[in-house]
Amino acid sequence: MFRPSISRRLRRRHASGAREWSRRAGWLLAMGLACSLGTAFAAGPALHLGPFDIFASANAGVEYSDNYDGAYPEEVDHSEHKDDFTFSAGFSANTGLAVRENVSLALGGSIGYEKYLYHDSDDTMTYSGTADLTVRMPPFLTLHGMAGADYSIEELEISEEEAEKEGVETETEYEYDATTGTIRKKTYRAGKSHLRHDPCLTLSYGVDGVFEVGNFTLNGAVTFTSEAYDKKDSQEGDNDEWSYSGGVHYNLTTFLGAYYTYERTETTYPKQTNSIREIENTHNLGIDGTIPWLRHPVVTWSVGVESSNTEPGERKYSWEPTYTIGASDSFAIMPNLLFAGSASWEREVKEDDISFTYDLSLSHTWGRLTQALNFTQEPEATFGSNQDTKDTTFAYTVGISDVLIKGLTLSASFQYEIEEPLGGEETSSSVEEELAAGADESAENAGSGIEYTRTISATLAHARVLTPSLSRSLSYSYSYELSNFHHHGPQQEHVVSYSLNYAF
């Protein structure tokens, strides 16, 4: 498992990307989709272009932030403006079409521009475009193809598995999901200010298929992903990745099955010296299932063997056993009080890697009030867990709608996180390395390397429908983060925004 850095200030910067042809291809794909969707303006809830019903909207707004880079006091660059105004405008559209009874096509696109009052170098035009085609060939086969381009400066979520694979540090936020009545965990690449002002082009396309007959399932997929950051100091990590995957699964009974999966990834780093290329092949073989007589919680398990090879040209494989077990459940304690929980245990013998993680949450609704409490931990020694970091998070979110007046919403969140690096000598060495690299004295004062982070955020927003098509939003938000690794005060930010949205 990936072990986070001791200091948040020394975040490992990661970016990845493609060559110039990829950048041009992404622009053409996104602009082609966005323009084709935006040429048929008409009155009514949807625009009409041939057989397509297009749902489109335009937006414009202004935002003021008093901490543009999201920096702690000791990180502020006094030669630059700490605050800034952001002016933005954009257009987006999406559509879906059933070409035939078993063929469907979905298109989407957007284009926008952000202008900064003081930080001119961060002015950015953003765009995105997606195309999805699904072909169902009853009774056994389903095919799917997709293509997409996204050029943005927004923080994109990343899964923990992807973060571990890429070797990047992550940071987690929790927010209340009113749709499901639970807290949602959102994971980002660490370094908000770095990502916020470093536009990235992401290209992706691929095909996949599923063949099902009786208890037998066969699937396969080929995908290509390319990411490219604009700023020169991030381009060393640019990469293009091809992924080939497939597998078979056979249900022996309603609660027991056998499986085999294969995945091959080829990653190149064109901007690095010698154009580094990494190849990884992974095979998994085993049985999996559920416990049939247990309804609460739902328990899943798998026992198998895994073999991986990361050396280009090497054909030798070593099979090692793997074990996983997971449990999850959700139920209403009372009509307006919902409990949800999950736990997972995984052991990879080859890497001597054992992990155990559990997550518990309570969500409550009372009239216009919604609130939720979440607890997550990856313990140090529970069930033999030997991870490098013990991470404990407490989170509470609350939201109130129609406060005093209709359309006025108040939301707030409180989060307390403890990150405890384990391993004794390794932790001490990491602290020394960071100090040698130029970290501030807070890393030294951290002592054992345990980081305690308190985060508070609150938002007051008012939305109003001005006409059947035009709506307005005005909001104020405040964020506060305090870490024992920063001894010059907390990171604080006040943001005021005003926006208009027009739905065609």
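Figured I'd write up the structure that's included with this text. The numbers attached to residues start from 1 for each chain and follow its sequence in the written order. It should be noted that, the model being predicted, local features are given only for residues of pLDDT at least 70 and side-chain atom pairs only at 80 or more, the latter also being counted only at that level, while totals for whole chains, interfaces and linings use all residues. Values shown for side chains rest on all heavy atoms present in the structure; no hydrogens or waters enter the calculation.

1. Things to note about the overall build of the protein chain
Note the threshold: Runs of E in the DSSP output that reach at least two residues are strands. Runs of H or I that reach at least four are helices, and both are numbered from the N terminus. Buried means the residue's accessible area, taken with a 1.4 Å probe over protein chains only, is under 20% of the maximum for its type, while exposed means over 50%, and partly exposed covers the values in between. Between two residues, a contact is recorded if the distance between any of their heavy atoms is within 4.5 Å. To measure how exposed things are, a 1.4 Å probe is used in the Shrake-Rupley method; for residues, cover is taken only from the protein chains shown.
Per the secondary structure count, the protein chain includes five helices and 23 strands. Among the 504 residues that make up the protein chain, the fraction classed as buried is 39%. Partitioning the contacts of the protein chain with sequence separation of at least 6, the portion at a separation of at least 24 is 58%. Of the roughly 27000 Å² that the protein chain leaves accessible, carbon and sulfur atoms contribute 57%.

2. Let's talk about the pattern of salt bridges
Cut-off, in case you're wondering: A side-chain nitrogen of Lys or Arg and a carboxyl oxygen of Asp or Glu constitute a salt bridge if their distance falls within 4 Å.
Applying the stated rule across the entire model yields five salt bridges. Here Asp-120 makes a salt bridge to Lys-115, at a shortest N to O gap of 3.7 Å. Of the charged contacts, one joins Glu-266 and Arg-277 as a salt bridge, the two residues approaching to 3.2 Å between their closest N and O atoms. Placement of the pair is Glu-266 in strand S12 (residues 256–269) and Arg-277 in strand S13 (residues 276–290), with a sequence separation of eleven residues. Look at Glu-266 and you get buried, because its relative accessible area is 15%. Arg-277 sits in the partly exposed class, given a relative accessible area of 47%. Through salt bridges with shared partners, a single network forms among Lys-115, Asp-120 and Asp-123.

3. Some words on the packing of aromatic side chains
To be explicit about the condition: To pair, rings of Phe, Tyr and Trp, with the six-membered ring standing in for Trp, must have centres within 6.5 Å; the planes then decide the type, stacked if under 30 degrees apart, edge-to-face if over 60, and tilted in the middle.
A full pass over the atoms with the stated rule returns 14 aromatic pairs. Centre to centre, the rings of Trp-242 and Tyr-244 are 6.3 Å apart; their planes meet at 15°, and the pair counts as stacked. Its relative accessible area of 29% is what places Tyr-244 among the partly exposed residues. Put simply, the rings of Tyr-205, Phe-224, Trp-242 and Tyr-244 pair up and form one aromatic cluster.

4. Focus on the pairing of strand S14 (residues 298–309)
Defined as follows: Any two strands with at least two DSSP bridges between them are considered paired.
In terms of strand pairing, S13 meets S14 through ten bridges, oriented antiparallel. The partner of His-283 across the bridge, within S14, is Ser-307.

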